[in-house]
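Chain by chain, the residues:
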Amino acid sequence: MWKLSLKVKENLLIRTGLIVIGNRAGLEADLGRNLFGQHIASDVIVKALTGFMNNGNPKKPLVLSFHGTTGTGKNLASQLIVKNIFEKGMDSPFVHFFNSVINFPYASQVETYKSQLQHWIRGNVTNCAHSMFIFDEMDAMHPVIIDGIKPFMEHQYKLDGVSYQKAIFIFLGNAGGEIITQTTLVSWKAGKKREELKLEDVETALSSSVFNYYGESNVVDFFIPFLPLERQHIVQCIMVEMVAMGLQPDHNKACEMADKIVVYIPDDERRISVSGCKRVASRVRHFMQ
Ligand SMILES: Nc1ncnc2c1ncn2[C@@H]1O[C@H](COP(=O)(O)OP(=O)(O)OP(=O)(O)O)[C@@H](O)[C@H]1O
Ligand SMILES: [Mg+2]
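Given the structure is predicted, the values throughout are model-derived calculations rather than measurements. (Residues numbered from 1 in each chain as written. Chains lettered and ligands numbered in written order. Predicted model: local features only at pLDDT ≥ 70, side-chain atom pairs only at ≥ 80, totals over all residues. Heavy atoms only, no water.)

## Some remarks on the state of the cysteines
Now for step 1: As enumerated under the stated definition, the model contains one disulfide in all.
Now for step 2: Disulfide partner of C237: C277, at an S-S distance of 2.0 Å. Measuring the twist about the S-S bond at about 100°, one finds the C237-C277 disulfide to be right-handed. With C237 in helix α10 (residues 231–244) and C277 in the loop between β9 (272–273) and α12 (280–288), this pair connects stretches of sequence that are 40 residues apart. In this structure, C237 and C277 share a single accessibility class: buried. (Disulfide = S-S within 2.5 Å. Helix = DSSP H or I, 4+ residues; strand = E, 2+ residues; numbered from the N terminus. Buried < 20%, exposed > 50% of the residue type's maximum accessible area, 1.4 Å probe, protein only.)

Below is the structure:
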């Protein structure tokens, strides 16, 4: 079990059912069941969160950075994490989701966004030390805003009596995605199984994306690669959608559809879906009509 060391106020929050003390097995099973083809990401996520949640006195907030091409499950993974920590999931008042494109659209306004965000983080962590902040579309995040939130993620940061050590920050973006894809293809061509790919194999790709977002600071604890999805995973996503539509999942039909509704690369081998499982759901619905 994740044992959080809780102060009185946080105990109260737990009693009112707003925070769930999750457990490792729950998250592991949830990722295993619902996040297809991401053995590296699942493994790192479980280890990172378990280590953090079991640590009664973390030295800094937990900072995770998700990298991968479109439709590989970055948002899905963040939702599964949230669901296993907060009873109300994404609706929890302690989970704060930002999308750079939607929330910080104008370059001319970055200073305002920055100070509003700093204020928001400070206020919410004061209210609940275990607050979680998720930033989507990091590729579109202005460096000024990133610089503005970095101090919250550093070691032993305390400002105006507020400590941020128990907060969790998750960043989602596409940086590094192309290199992760190339690495996956090279490994496949060398005859290796997908499951044999290790974090170390894609770390170089990730270290270049580090630079893109975070400059030279080292606030990020774990860079988490999301591998490009293969046809077998698209088939799984189609089956999920069949169930969601109230239909009997039909593997043969799903295989047939996986060839029709998704574009695969490289041209000759047709190994990897260019858009992962993105828009698979709506295409399945369209196809089934
Ligand atoms: N690995 C996966 N396993 C199961 N479903 C997936 C996976 N990847 C994507 N999906 C499904 O595809 C859709 C898009 O996924 P998601 O939003 O998580 O992608 P993303 O990696 O955040 O993409 P983007 O970079 O475009 O934001 C969702 O419906 C999601 O459930
Ligand atoms: Mg996304």
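## Some words on the sheet that holds strand β3 (residues 132–136)
Now for step 1: Across the sheet, which stays open at both edges, the five strands sit in the order β2-β3-β6-β1-β7 with parallel pairing between neighbours. At either end of the open sheet lies a strand with only one pairing partner, and these are β2 (95–99) and β7 (222–225). Neighbour-to-neighbour, the strand axes of the sheet open up by a mean angle of 15°, direction not taken into account.
Now for step 2: Here strand β1 (residues 62–67) pairs with β7 via four bridges, running parallel. By the bridge assignment for β7, S65 is matched with F223.
Now for step 3: The strands touched by helix α7 (residues 143–153) within the sheet are β1, β3 and β6 (168–173), with β6 carrying the most contacts at an inclination of about 145°. (Pairing = 2+ DSSP bridges. Axes fitted to C-alpha atoms, helices over the stretch in contact; angles between N-to-C directions. Contact = heavy atoms within 4.5 Å.)

## Points about the packing of aromatic side chains
Now for step 1: Applying the stated rule across the entire model yields seven aromatic pairs.
Now for step 2: Consider the rings of F66 and F226, whose centres lie 5.1 Å apart with planes at 45°: the pair is tilted. Separated by 160 residues along the polypeptide, F66 in strand β1 and F226 in the loop between β7 and α10 bring together distant segments of the chain. Per residue, the accessibility class of F66 equals that of F226, and both read buried.
Now for step 3: Connected via pairs of aromatic rings, a cluster forms that spans F98, F104, Y113, F135 and F171. (Phe/Tyr/Trp six-rings, centres within 6.5 Å; stacked < 30°, edge-to-face > 60°.)

## Quick notes on the nonpolar core
Now for step 1: Residues I45, F66, I81, M132, I168 and I170 are the most contacted members of the largest nonpolar core, which totals 36 residues.
Now for step 2: Elements with a minimum of two residues in this core: α2 (24–34), α3 (39–54), β1, α4 (74–85), β3, β6 and α9 (199–214).
Now for step 3: Here the element with the most residues in this core is α3; it accounts for nine residues.
Now for step 4: Residues within four places of M132 in sequence aside, it is in contact with I81, V82, I85, F86, F94, V95, H96, I168 and I170.
Now for step 5: Core analysis: the next-biggest nonpolar cluster, separate from the first, contains 27 residues, V125, I149, V162 and F171 among them. (Core = buried A, V, L, I, M, F, W, Y, C linked by side-chain atoms within 4.5 Å.)

## Let's talk about the site of ligand 1
Now for step 1: Close to ligand 1 lie 16 residues; F36, T70, K74, N75 and K278 are nearest.
Now for step 2: Here G73 contributes a backbone N or O atom positioned 3.0 Å from a nitrogen atom of ligand 1.
Now for step 3: Measuring from an oxygen atom of ligand 1, one finds a side-chain N or O atom of K278 at 2.5 Å.
Now for step 4: Within the complex, the protein chains bury 80% of what would otherwise be the 620 Å² of accessible surface of ligand 1.
Now for step 5: Per-element accounting of the shell around ligand 1 gives the leading share, three residues, to α4.
Now for step 6: A per-class count over the shell around ligand 1 returns six nonpolar, eight polar and two charged. (Near = heavy atom within 4 Å. Polar contact = N/O pair within 3.5 Å; in protein donor to acceptor, adjacent residues only side chain to side chain. Areas by Shrake-Rupley, 256 points an atom, 1.4 Å probe, with all protein chains shown as cover. Nonpolar A, V, L, I, M, F, W, Y, C, P; charged D, E, K, R; others polar.)

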